[in-house]
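# Analysis of the macromolecular model
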Amino acid sequence: MTTMIIFAQTFDSSNLLAVLPFTVVFSGLGVKDAEQVFLKYLQNRLFAPILGILFIISAPFAYHHLNNAIFTEEKAIAQFIQENGKATDRVYVFGADKNINNLTRKIATLDNVPADYPIKFTQNYDLKVASLKDKYIVIEAGQAVPKNLSQLLSSNYKTAPYAGKHFLIYQKK
């Protein structure tokens, strides 16, 4: 179970909470002495579960600290779109998450297809990309842009006047 959680495509440290009761139970199986059982248990067997709990609690804070530059740029992009767009504009974000859509309170016409979905969803995505009419398209740096989306960007969109390190903004011509 632990290996499935660790090597999953979408790793989330909070999934390790499911393993925690098993580690506590199995770590207590070796305790056989009757005197000072609780003290020996804490000294010898509870070290790994406590480390696991500390990891699970500290992982979200570390993630936020490590990705602070990306979060700051997402807020700047949201502000740029709100200042330069209308309330009815749509924003398509091609990236790992939908924070920009949440911050701008604008939806996209189309949603990204996760990599682990079957091929038929990807094919359906390719067909719908050609008819995408969102005013802004935001692409996260390092993302492999599908061929149909890059063709749409070159024919119907221009680069918006925004200078960012982690994202590119395209605006409808």
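Look a little higher up for the structure.
Throughout what follows, the structure given in this document is the object of discussion. (Residues numbered from 1 in each chain as written. Predicted model: local features only at pLDDT ≥ 70, side-chain atom pairs only at ≥ 80, totals over all residues. Heavy atoms only, no water.)

### Structural notes on helix α5 (residues 68-84)
Over its 17 residues, α5 extends 24 Å from the first C-alpha to the last, a length consistent with the 24 Å expected when each residue adds 1.5 Å. Buried residues of α5: Phe-71, Glu-73, Glu-74, Ile-77, Ala-78, Phe-80 and Ile-81, and no others. On its buried side, α5 packs onto α4 (47-66), β1 (91-94), α6 (99-104), β2 (136-140) and β4 (167-172). (Helix = DSSP H or I, 4+ residues; strand = E, 2+ residues; numbered from the N terminus. Expected span 1.5 Å × (residues − 1). Buried < 20%, exposed > 50% of the residue type's maximum accessible area, 1.4 Å probe, protein only. Contact = heavy atoms within 4.5 Å.)

### What about the sheet that holds β1?
Taken in spatial order, the four strands line up as β1-β2-β4-β3 in an open sheet, and their pairing is mixed. If you trace the sheet from one side to the other, it starts and ends with β1 and β3 (157-159), each paired once. For this sheet, the mean angle separating the axes of adjacent strands, direction not counted, is 25°. (Pairing = 2+ DSSP bridges. Axes fitted to C-alpha atoms, helices over the stretch in contact; angles between N-to-C directions.)

### Some details on the pairing of β4
The pairing of β2 with β4 spans five bridges and is classified as antiparallel. Note on β4: the bridge partner recorded for Tyr-136 is Gln-171. When β3 meets β4, the two strands line up antiparallel, connected through three bridges. Across the sheet, Thr-159 pairs through a bridge with Tyr-170, a residue of β4.

### Digging into unusual backbone geometry
Phi at Arg-105 takes a positive value of approximately 60°, unusual for a residue other than glycine. When you line up the elements, Arg-105 lands in the loop between α6 and α7 (119-129).

### Some details on the environment of Thr-109
Looking at where Thr-109 falls in the secondary structure, it is placed in the loop between α6 and α7. Looking at Thr-109, the relative accessible area reads 47%, which means it is partly exposed. Separated by 24 residues in the primary sequence, Thr-109 and Lys-133 place their C-alpha atoms 7.5 Å from one another. If we skip the residues at most four places from it in the chain, Thr-109 touches Arg-90, Leu-132 and Asp-134.

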